[in-house]
Amino acid sequence: MLVIRPSRFVCPAVALMTVVFGACARRGAAPVTSASPATPVPAASAPASPVAARPVTVVPNPNAPKVLVIATGGTIAGVQNAPGTLGGYRAGTLTAEQITASVPELARYARVETEQFSNVASTMVTPEMWVKLAKRINAVLQRGDLAGVVVTHGTDRLEETAFFLYLTVRSSKPVVVVGSQRPATGISPDGPINLLSAVRTAASPKATQKGVMVVMDDRILSARESRKLYQRTGGFSTGDMGMLGVVASQGPEFFFAPVRRFGERSEFDLDGVDTLPKVELTMSYPGGTGQTFTTNPKGVVVATTGMTTAENATYRALRQTGVVVVTSFTSGENANGGGGGGDGPSAPARTDSTARPDSVARPSAPPAPPVPPAVVAQHLTATKARILLMVALTRTQDPREIQRIFNEY
């Protein structure tokens, strides 16, 4: 008689499908959200996970490091109305507990705690939420028993949130931001393996003193350089610089480390900061005349490879009013210390060579005040230059001091 024994190993997607079918059972079910999108919610308040035990046995490691997973929403928590298809989905539906319960292998490498910070698509994340999230992470990293933090996030704004945390989390412990390009119920979701790699990285002693990182597709990327290039797996990159290592079968392996200021060396203290100064983002283009505003912001970042005469005049006038203007090379790859719309040398002062030595001196108009210099971003995309300027403006409005900050971070 032929006896068919159930396999001890099941495709990882099975656990995910078990999780999300409960969320999708009611047609048109509303996304699960916290009471306040920007207020941390204790894990105990989240609904119990409907995950069913998988046939494969995972023995938790009681000596594994503790890692806190803070969930903000996004595609990694997304659920389709028609699971298992290529159809649309609702981002920010599964809870932190449901996401982690769908990956039992996490218990091999970490003792995972969860916290629901928000549950929204990343396009709904605001600078005020950045500030609250950074403060929360700074607070929990003071725990002696916590090895690191993983933040699950939607990919549309993942690089911006990660860079803000890179500038403002003042700890040597690892912070990893992770997302997915496919929803949890999609065909071959990438969220589970990304989350597993992120937790393994956050739990590793090798990840200390590396700053905030983005872990996607088994690659460990510095948050300063990471960027989303396209909407499919493998879509995150760092350009010419910024890939720190990989997550191999034996765990995270690092080959490079960032050298600019971050973590414990950061001067950005968010105590007393609840909102960030307003900074606008503009673009230079052929025939452009520059952006003007009814009410001037504190700062403006211009993505440019070189400005027109009219644009130069517009942004020079803004600088005269006290607005800090930063130029960023369009690709974000440029590292030269100049260019991008500088004003060039000042014209020499005019003198009246026809005046007679014995003539009565005539009163002259007071000299015009010098125009504050523009700030140049080195190897930063315009979106990240905007974030750095917002943070820098919490400390100073002196463009020379802000240039020093841009040179060090």
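Criteria and cut-off values
- Going along each chain's sequence as written, the residues are numbered from 1 onward.
- Whole-chain, interface and lining totals are the exception, using all residues; otherwise, since this is a predicted model, local features are given only for residues with pLDDT of at least 70 and side-chain atom pairs are given and counted only at 80 or more.
- Heavy atoms throughout the structure, all of them, feed into the side-chain values; hydrogens and water do not.
- Any two strands are treated as partners once DSSP identifies two or more bridges connecting them.
- Secondary structure elements follow DSSP: runs of H or I of four or more residues count as helices, runs of E of two or more count as strands, with numbering from the N terminus.
- We call two residues in contact when some of their heavy atoms are within 4.5 Å.
- The axes used here are C-alpha line fits, helices contributing only the stretch in contact, and every angle between their N-to-C directions lies in the interval 0 to 180 degrees.
- Note on classification: 1.4 Å probe, protein chains only; a residue is buried when its accessible area is under 20% of the maximum for its type, exposed when over 50%, partly exposed between these limits.
- In protein, a polar contact requires one atom able to donate a hydrogen and another able to accept it; more generally it is a pair of N or O atoms within 3.5 Å, and residues adjacent in sequence count only if both atoms are side-chain atoms.
- Grid spacing is 1 Å over the protein atoms alone, the probe is 1.4 Å, and a cavity is where that probe fits but cannot get out, while a pocket is an open set with protein on both sides within 12 Å along at least five of seven lines and lining residues have an atom within 4 Å of a point.
- Grid points are joined across faces, edges and corners, and a volume is the space filled by probe spheres set on the points.
- Charged residues are taken to be Asp, Glu, Lys and Arg, nonpolar residues to be Ala, Val, Leu, Ile, Met, Phe, Trp, Tyr, Cys and Pro, and polar residues to be all remaining types, Gly included.
- Two aromatic rings, drawn from Phe, Tyr or Trp (for Trp, its six-membered ring), form a pair once their centres lie within 6.5 Å of each other, and the interplanar angle then sorts them: stacked below 30 degrees, edge-to-face above 60, tilted otherwise.
- The handedness criterion is simple: a crossing whose near helix is rotated anticlockwise from the far helix by less than a right angle is left-handed, and one whose near helix is rotated clockwise is right-handed.
- Predictor confidence is given residue by residue as pLDDT, running from a minimum of 0 to a maximum of 100.
- By this rule the span expected of a helix is its residue count minus one, scaled by 1.5 Å.
- Each angle is binned into one of four classes, with values under 35 degrees roughly parallel, values over 145 roughly antiparallel, values of 65 to 115 roughly perpendicular, and all other values oblique.
- Salt bridge, as used here: a side-chain nitrogen of Lys or Arg that lies within 4 Å of a carboxyl oxygen of Asp or Glu.

1. Structural notes on the sheet that holds strand β16 (residues 324-328)
Okay, so step 1: Reading across the sheet, the four strands line up as β14-β15-β16-β17 and stay open at both edges, with parallel pairing between neighbours. What marks the edges here is a single partner per strand, and that holds for β14 (279-283) and β17 (375-376).
Okay, so step 2: Most of the contacts of helix α8 (residues 382-392) go to strand β15 (residues 299-303), to which it runs at about 160 degrees, and overall it touches β14, β15 and β16.

2. So, the pairing of strand β5 (residues 111-120)
Okay, so step 1: In terms of residue burial, β5 counts as a mostly covered element, since seven of its 10 residues are buried.
Okay, so step 2: Across seven bridges, strand β2 (residues 66-73) lies against β5 in parallel orientation. Paired with Leu-68 across the strands is Glu-113, a residue of β5.

3. With respect to the side chain of Thr-201
Okay, so step 1: Its place among the elements puts Thr-201 in helix α6 (residues 191-203).
Okay, so step 2: A distance of 2.8 Å separates a polar atom in the side chain of Thr-201 from the backbone oxygen of Ser-197.

4. Some details on the layout of surface pockets
Okay, so step 1: As a volume, the largest pocket reaches approximately 330 Å³.
Okay, so step 2: Lining the largest pocket are 16 residues, and of these Glu-225, Met-241, Gly-242, Pro-258 and Val-259 lie nearest its centre.
Okay, so step 3: Partitioned by chemical class, the residues of the lining of the largest pocket number nine nonpolar, four polar and three charged.

5. Side note on the environment of Leu-167
Okay, so step 1: Following the sequence through the fold, Leu-167 ends up in helix α5 (residues 158-168).
Okay, so step 2: Linking Leu-167 and Ser-266, residues 99 residues apart in sequence, is a C-alpha distance of 6.6 Å.
Okay, so step 3: Ignoring any residue separated from it by four or fewer positions in sequence, one finds Leu-167 in contact with Ser-266, Phe-268, Ile-387, Leu-388, Val-391 and Tyr-409.

6. Things to note about the packing of aromatic side chains
Okay, so step 1: One pass over the structure, following the stated rule, counts four aromatic pairs.
Okay, so step 2: Centroid distance Trp-130 to Phe-164: 5.4 Å. Interplanar angle 25 degrees. Geometry classified as stacked. Of the two residues, Trp-130 is situated in helix α4 (residues 127-140) and Phe-164 in helix α5; the sequence distance between them amounts to 34 residues. Each member of the pair, Trp-130 as well as Phe-164, is classed as buried.
Okay, so step 3: For the ring pair Phe-163 and Tyr-166, a centre distance of 6.0 Å and an interplane angle of 20 degrees mean the geometry is stacked. One end of the pair, Phe-163, and the other, Tyr-166, are both in helix α5, three residues apart, so they sit about a helical turn from each other.
Okay, so step 4: For Phe-163, a relative accessible area of 0% gives the class buried.

7. With respect to the packing of α5 against α8
Two quantities define a packed helix pair, namely the angle between the axes and the distance from one axis to the other.
Okay, so step 1: At a minimum axis separation of 10 Å, α5 and α8 run at an interaxial angle of 35 degrees. For α5 against α8, the interelement crossing comes out right-handed. Along its contact with α5, which presents Glu-159, Glu-160, Phe-163, Phe-164, Leu-167 and Thr-168, the element α8 presents Thr-383, Lys-384, Ile-387, Leu-388 and Val-391.

8. Details of the confidence of the model for the protein
Okay, so step 1: Residues at a pLDDT of 70 or more form 79% of the protein, whose mean pLDDT is 85.
Okay, so step 2: A low-confidence stretch, residues 1-14 (pLDDT under 50), is modelled with seven contacts involving residues beyond four sequence positions or located in other chains.
Okay, so step 3: Here residues 339-357 is modelled with pLDDT under 50, and outside its nearest four sequence neighbours on either side it reaches 12 contacts, counting other chains as well.

9. Some remarks on α4
Each turn of an α-helix holds 3.6 residues, which means side chains three or four residues apart point in the same direction.
Okay, so step 1: Helix length check: α4 (14 residues) gives 20 Å between terminal C-alpha atoms against 20 Å at 1.5 Å per residue, within 8%.
Okay, so step 2: Packed against the buried residues of α4 are β2, β5, β6 (146-152), α5, β7 (175-178) and α8.

10. So, the packing of α4 against α5
Okay, so step 1: At their nearest, the axes of α4 and α5 sit 10 Å apart, and the two run at 50 degrees to each other. By the angle class used here, α4 and α5 are oblique. Remark: the crossing between α4 and α5 carries right-handed chirality. Residues Trp-130, Val-131, Leu-133, Ala-134, Ile-137 and Asn-138 of α4 touch α5, and the partners they reach there are Glu-160, Thr-161, Phe-164, Leu-165 and Thr-168.
Okay, so step 2: Taken together, the residues that form the contact of α4 with α5 break down as seven nonpolar, three polar and one charged.

11. Remarks on the pattern of salt bridges
Pairing is possible between side chains of opposite charge, provided their charged atoms come close.
Okay, so step 1: Summed over all chains, the structure comprises 18 salt bridges.
Okay, so step 2: When the shortest N-O distance is used, the salt bridge between Lys-66 and Asp-145 registers 3.1 Å. Within this pair, whereas Lys-66 is found in strand β2, its partner Asp-145 is found in the loop between α4 and β6, the two being separated by 79 residues in sequence.
Okay, so step 3: Of the charged contacts in the structure, one is a salt bridge between Arg-170 and Asp-269, with a shortest N-O distance of 3.6 Å. Note that Arg-170 is positioned in the loop between α5 and β7 and Asp-269 in the loop between β13 (251-254) and β14, a separation of 99 residues in sequence.
Okay, so step 4: Accessibility expressed as a relative area gives 40% for Asp-269, which makes it partly exposed.
Okay, so step 5: Taken together, the salt bridges that share partners define one network made up of Arg-261, Glu-267, Arg-395, Glu-401, Arg-404 and Glu-408.

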